[in-house]
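Spelled out, the chains give:
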Amino acid sequence: MPFISQIQRQSDYHRFPPSVPIVIDNGASYFRIGWAGESEPRIIFRNIVQRPRHKTTGETVTIVGDHDPALLKYFDCTRSGPRSAFDADVVFQFEIMEYILDFAFDRLGADGSEIDHPVLITECPCNPVQSRSKMAELLFETYGVPSVAFGVAAAFSYKYNQKRGICDRNGLAICSGFTTSHVIPFVNGEPVYEACCRTNVGGYHVTDYLKQLLSLKYPHHMSRLSWEKVEDLKMEHCYIAQDYASEVGLFQKGTKEAEQKARCWQLPWTPAPVELPPSEEEISRKAALREKQGQRLREMAEAKRSSKINELENELNGLEFLIQQLQHVGEKDIPSFLSTTGYVSKQEIESAIVKTTQSLRKAKGEQIENEEKADTSNAEKYNLLNVDDSLLTHEQLKEKKRQLFLKTTSEGRNRARQKRIDEELQREKQNKLEEAKRLENPEAYLEQLRAKYTDLCEKIEQKKRLKTNGGNTNGNGVSGGVGRGERLSAAQKERMRLLTTAAFDRGKGEDTFGIRDEDWQLYKLMSKDNDDEDEKQDEDEAELSRISSRLRDIDPTFTPKTDVGSSVSEASRPRPLTKEDFQIILGVERFRCPEILFNPNIIGIDQAGLDEMAGVSIRRLPSKVRGAEEGMTNSILIIGGSCLYPGMSERLESGIRMIRPCGTSIRINKASDPILDAWRGAAAYAAAVQFPQQTIKKMDYYEKGEEWLRKYQFRYTH
Amino acid sequence: MEHEVIEAELVLPTHLSFKKVQMYEKFPKGQSRGRHWKHLKQIIQAENYQNYPADEPNYVNIESPPSMHPNKKICDITGYEAPYHDPRTKLRYANTEVFKQIRSLPNEYVQSYLALRNAAVVLR
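If you look chain B up in an unreviewed UniProt entry, it shows as Vps72/YL1 C-terminal domain-containing protein from Daucus carota subsp. sativus. Of chain B, the UniProt comment under Subcellular location (unreviewed entry) reads exactly: "Nucleus".

An unreviewed UniProt entry annotates chain A as Actin-related protein 5 originating from Daucus carota subsp. sativus. The Subcellular location (unreviewed entry) comment attached to chain A in UniProt states, word for word, "Nucleus". Note on chain A: under the UniProt heading Sequence similarities (unreviewed entry), the record states "Belongs to the actin family. ARP5 subfamily."

Focus: the overall build of chain A
Helix and strand counts for chain A stand at 25 helices and 20 strands. Buried residues in chain A amount to 43% of all 718 residues. Contacts spanning at least 24 positions in sequence make up 68% of the contacts within chain A whose residues lie at least 6 apart. When the accessible area of chain A is evaluated, it comes to approximately 40300 Å², of which 52% is carbon and sulfur surface.

Topic: the UniProt feature "domain: Vps72/YL1 C-terminal" (unreviewed entry) in chain B
Per the UniProt annotation, the sites labelled "domain: Vps72/YL1 C-terminal" (unreviewed entry) are residues 73-102 of chain B. Helix and strand shares over residues 73-102 of chain B are 23% and 13% respectively, and the end C-alpha atoms of the span are 16 Å apart.

Structural notes on the sheet that holds strand 10 (residues 119-123) of chain A
All names here are of chain A. Reading across the sheet, the six strands line up as 3-2-1-10-11-20 and stay open at both edges, with mixed pairing between neighbours. Edge positions in the open sheet fall to strand 3 (43-46) and strand 20 (696-697), since each of these has one partner strand only. When strand 2 (residues 30-35) meets strand 3, the two strands line up antiparallel, connected through four bridges. Considered in strand 3, the bridge of Ile33 is made with Ile43. Along the sheet, helix 3 (residues 153-163) contacts strand 1 (22-26), strand 10 and strand 11 (147-152); its crossing angle with strand 11, the most-contacted strand, is approximately 75°.

Topic: the packing of aromatic side chains
Residue and element names in this part refer to chain A. Going through the model one piece at a time under the given rule, you end up with 26 aromatic pairs over all chains. Look at Tyr13 and Trp35: their rings are 5.6 Å apart centre to centre, the planes differ by 50°, and that puts the pair in the tilted class. Taken as a pair, Tyr13 in the segment before strand 1 and Trp35 in strand 2 lie far apart in primary sequence, 22 residues in all. Take Tyr13 and Trp35: they sit in the same class, and that class is buried. Between Phe178 and Tyr204 the ring centres are 5.8 Å apart and the planes differ by 70°, which places this aromatic pair in the edge-to-face class.

Points about the side chain of A:Asn26
Residue and element names in this part refer to chain A. If you trace the backbone, Asn26 turns up in strand 1. Looking at Asn26, its side chain comes within polar contact range of the side chain of Asn47, at 2.8 Å. If we skip the residues at most four places from it in the chain, Asn26 touches Phe31, Asn47, Phe86, Val91, Met97, Ile121, Thr122 and Met135.

A closer look at empty space enclosed by the protein
According to the stated counting rule, one finds one cavity of 30 Å³ or more in the structure shown. Roughly 30 Å³ of internal volume is contained in the largest cavity. In terms of lining residues, the largest cavity is bounded by A:Leu213, A:Lys217, A:Glu589, A:Arg592, B:Ile77 and B:Tyr113. Elements with a minimum of two residues in the lining of the largest cavity: helix 4 (203-217) and helix 19 (589-592) of chain A. For the lining of the largest cavity, a count of residues per class yields three nonpolar, no polar and three charged.

Examining helix 3 (residues 40-47) of chain B
Of all the residues in helix 3 of chain B, the buried ones are B:Leu40, B:Ile43 and B:Glu47. Down the axis of helix 3 of chain B, the smallest arc covering the buried residues is 60°, so these residues share one side. Away from the buried face of helix 3 of chain B by more than 90 degrees, exposed residues B:Lys41 and B:Gln45 are located. Buried positions along helix 3 of chain B lie against strand 8 (86-87), strand 9 (90-91) and helix 2 (129-143) of chain A. Following helix 3 of chain B by one or two positions, B:Asn48 has its phi on the positive side, about 55°.

Looking at a negative patch on the surface
There is a patch of like negative charges on the surface, built from A:Asp422, A:Glu423, A:Glu424 and A:Glu428. Here A:Glu423 is to be found in helix 13 (residues 394-440).

Comments concerning the layout of surface pockets
Approximately 660 Å³ is the volume found for the second largest pocket. Lining the second largest pocket we find 31 residues, and of these A:Cys126, A:Tyr193, A:Tyr712, A:Gln713 and B:Pro57 sit closest to its centre. Broken down by element, the residue count for the lining of the second largest pocket peaks at three residues, all from strand 11 of chain A. Broken down by class, the residue content of the lining of the second largest pocket amounts to 17 nonpolar, four polar and 10 charged.

Focus: the pairing of strand 10 of chain A
The two faces of the sheet receive side chains in turn, since in a regular strand these alternate between them. Residue and element names in this part refer to chain A. Burial analysis of strand 10 places five of its five residues in the buried class, which makes it a mostly covered element. Examined bridge by bridge, strand 1 and strand 10 share three bridges and lie parallel to one another. When the sheet's bridge partners are listed, Val23 is paired in strand 10 with Leu120. Here strand 10 pairs with strand 11 via five bridges, running parallel. Each bridged residue has a counterpart across the sheet, and for Ile121 the counterpart in strand 11 is Phe150.

Side note on the nonpolar core
In this structure, A:Met97 and A:Phe105 are the most contacted members of the largest nonpolar core, which totals 82 residues. When neighbours within four sequence positions are excluded, A:Phe105 is seen to be in contact with A:Ile22, A:Ile24, A:Ile33, A:Ala110, A:Ile115, A:Leu139, A:Tyr143 and B:Phe18. In this structure, A:Tyr218, A:Leu233, A:Ile666 and B:Ile77 belong to the second largest nonpolar core, which totals 75 residues.

Details of the interface of chain B and chain A
Residue-level contacts link 65 residues of chain B with 90 residues of chain A. Taken over both partners, the interface formed by chain B and chain A buries close to 6900 Å², and the fraction arising from carbon and sulfur atoms is 55%. For the chain B face of the interface with chain A, the top three residues by lost area are B:Leu10, B:Phe18 and B:Trp37, together amounting to 12%. When the shortest N-O distance is used, the salt bridge between B:Lys20 and A:Glu114 registers 3.5 Å. Applying the counting rule to chain B against chain A returns 37 residue pairs in polar contact (both at pLDDT 80 or more). Looking at the side of chain B that touches chain A element by element, the count peaks at four residues for helix 5 (residues 107-116) of chain B. Its residues assigned to classes, the side of chain B that touches chain A shows 31 nonpolar, 15 polar and 19 charged.

Criteria and cut-off values
Residues numbered from 1 in each chain as written. Chains lettered and ligands numbered in written order. Predicted model: local features only at pLDDT ≥ 70, side-chain atom pairs only at ≥ 80, totals over all residues. Heavy atoms only, no water. UniProt positions renumbered as here; feature names shortened; annotations may be inferred. Helix = DSSP H or I, 4+ residues; strand = E, 2+ residues; numbered from the N terminus. Buried < 20%, exposed > 50% of the residue type's maximum accessible area, 1.4 Å probe, protein only. Contact = heavy atoms within 4.5 Å. Areas by Shrake-Rupley, 256 points an atom, 1.4 Å probe, with all protein chains shown as cover. Pairing = 2+ DSSP bridges. Axes fitted to C-alpha atoms, helices over the stretch in contact; angles between N-to-C directions. Phe/Tyr/Trp six-rings, centres within 6.5 Å; stacked < 30°, edge-to-face > 60°. Polar contact = N/O pair within 3.5 Å; in protein donor to acceptor, adjacent residues only side chain to side chain. 1 Å grid on protein atoms, 1.4 Å probe; cavity = no way out; pocket = protein on both sides within 12 Å on 5 of 7 lines; lining within 4 Å. Points joined across faces, edges and corners; volume = space filled by probe spheres on them. Nonpolar A, V, L, I, M, F, W, Y, C, P; charged D, E, K, R; others polar. Arc of directions from axis to C-beta. Patch = residues over 30% accessible without salt bridge, like charges linked within 9 Å, V, L, I, M, F, W, Y side chains within 5 Å. Salt bridge = Lys/Arg side-chain N within 4 Å of Asp/Glu carboxyl O. Lys, Arg positive; Asp, Glu negative; His and termini not counted. Charge placed at Lys NZ, Arg CZ, Asp CG, Glu CD. Core = buried A, V, L, I, M, F, W, Y, C linked by side-chain atoms within 4.5 Å. Buried area = accessible area lost by both parts, 1.4 Å probe.

This is how it looks when you write it as structure tokens:
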């Protein structure tokens, strides 16, 4: 990072007598403070305040400027981000401004009862008087400053460079700062504010634009793109294209030059551990384990079965014993005897015996030949079916119903079996037929099969698309669904339409619904389950799978299309992340972002860009200094953090050449130090003997009122 | 407070001898901290610039006029020159590949791309 904060506390505060002014360059991005007459500011820090909560004690603390991020781990910074006192380039939040001044004076070493030094502080051109008076009030009342002077940073910078011969008495200062860009013309060494112009675009917008673009391009790495990091990227990689259209053309064509111009930021990435295939030993060990477990399970099942058989045999023996005993018991004693056993009648016991024997057989693994038996004894089994109802008793009627049920089910089963056999035969026949065809002309057969395959594939695909997209193929095939309408299938959509029309028709006019018979068809259409499409599709899919298996058998070159059925599962399977997934490529962004300084409409700000502003400024010059405009372009000075991009001067020159008359001499100079010159110039002015006459005394502030403060202007010539 | 935090003098002290009015006196605890400060728009409104002569420079009239150049139309996604404009998403695009991409973008992204050039639909 080119700018590094200096926040070491100074120890020589008391060396300076009260007459030495303190000089402050209050820029929207950086705050610089130092002593008049010195060549470097003492303290530099970012003009921001954070008020996080301390994690352990819970108290809210104030942190000014940027610090070692490692120390911020003790604080909960999630509630409030860094805040600035600026709205555009005007100070409006004087609570924050006070924290910043506190910190600045503290680090400058102040420890008396007040700040007993005049203060020269910078402000934006044509600062609203409200902001100026609030700043004066803060300095006078809170810090006890004896006098204050306000100047414009760009003017100090211009004058500083003029003194070093870099620019002339007449000229233009093009100052591109953090939140705004200004062009200020100078005539006879004084800034002409009537003719200056401001566009609300600056370094902040460039960084923000880059940050937004990158986080939209790489949503997965959003968390890595912190403001500070993107600011670094901007300073390191951004440049200004001489001609945006041709530069972007290089990238669009994918030329070699563009490839060289692209920059890549590799995020920390560790390759995922590669899983080695299990060794022989491992496999055998696992197999043995599995075998052992299987053995155990089998043993358990065997034990369970034998115990069940045992149980059933016992039961059967008991029942048989019961029957035998029952024979010895007299007819009239039966009920009393049975009441002790839990059975009601002899029949019941017998049926229990039959059941038990059946389940015993089942448990022993014997085939139940019930069905065959049933077939043979069909006539006697369904003996009641042919008897008329009137001849039967109540009990028999019940029995008849049961028999009817049994008969129909068994018949149905038979029919299904018959059908299956038929189908088998049919398929066999078809296969034979196809085999014959194949043998007859293998080439043609294969061709035919393939054609059929692709045909079916397409058909299914289309149907699927129709189902998901509702017939509205919007170019991107699979997942174009944005609105609700596109999630419904065609059938569902139609249903929706019917429902809504039905709902709306009810209200208006005469209700004629139901007069015609067709009206009632509507309900049928509305009912949910008329998606008979599905069956057809299933048929298609079955046919497709048959053909593809056949193709696989006979065609060695055949590979089934994967995107038919399994495309969803294919895509959702996580791909191992590669090095490329952790790269942030800066291609077009390198010059697209700074381009907003020249074309603010790219980010929706409808104002002139830097080159046009120069023309606007010259045009705005009042008529009495019209003569000076010739020389204006001969001494253009570019100042501010946003003019550090490579290619800035060249682009400005070609831009200004376009709008000025032919043959105008154009000379563009970069300030000796575009960032610190403003402070240095201000320090030089504050050290001059005339400085005290330019300051606002405390008494002036209280007595002369706001109108006077509004008229106050720092003079840069003596 | 941790030792290293104190050592780095990270936290601004609450009492500073050189101040006539301390922060805690101005904003005592319990009183709402972030008192309302006029935003730039409100400040400008309060300045009543219309009461002053038009040729006197002020914060509002030094602003640049709209650009005289035709708007540069660049592709919202790639930054290429964009001859086309998608009526559905309102995004500008350079070629068919970008078109495919923008049609598969979720609405959220479309809106953020539009917001970049201040053209998003703002629901209030």
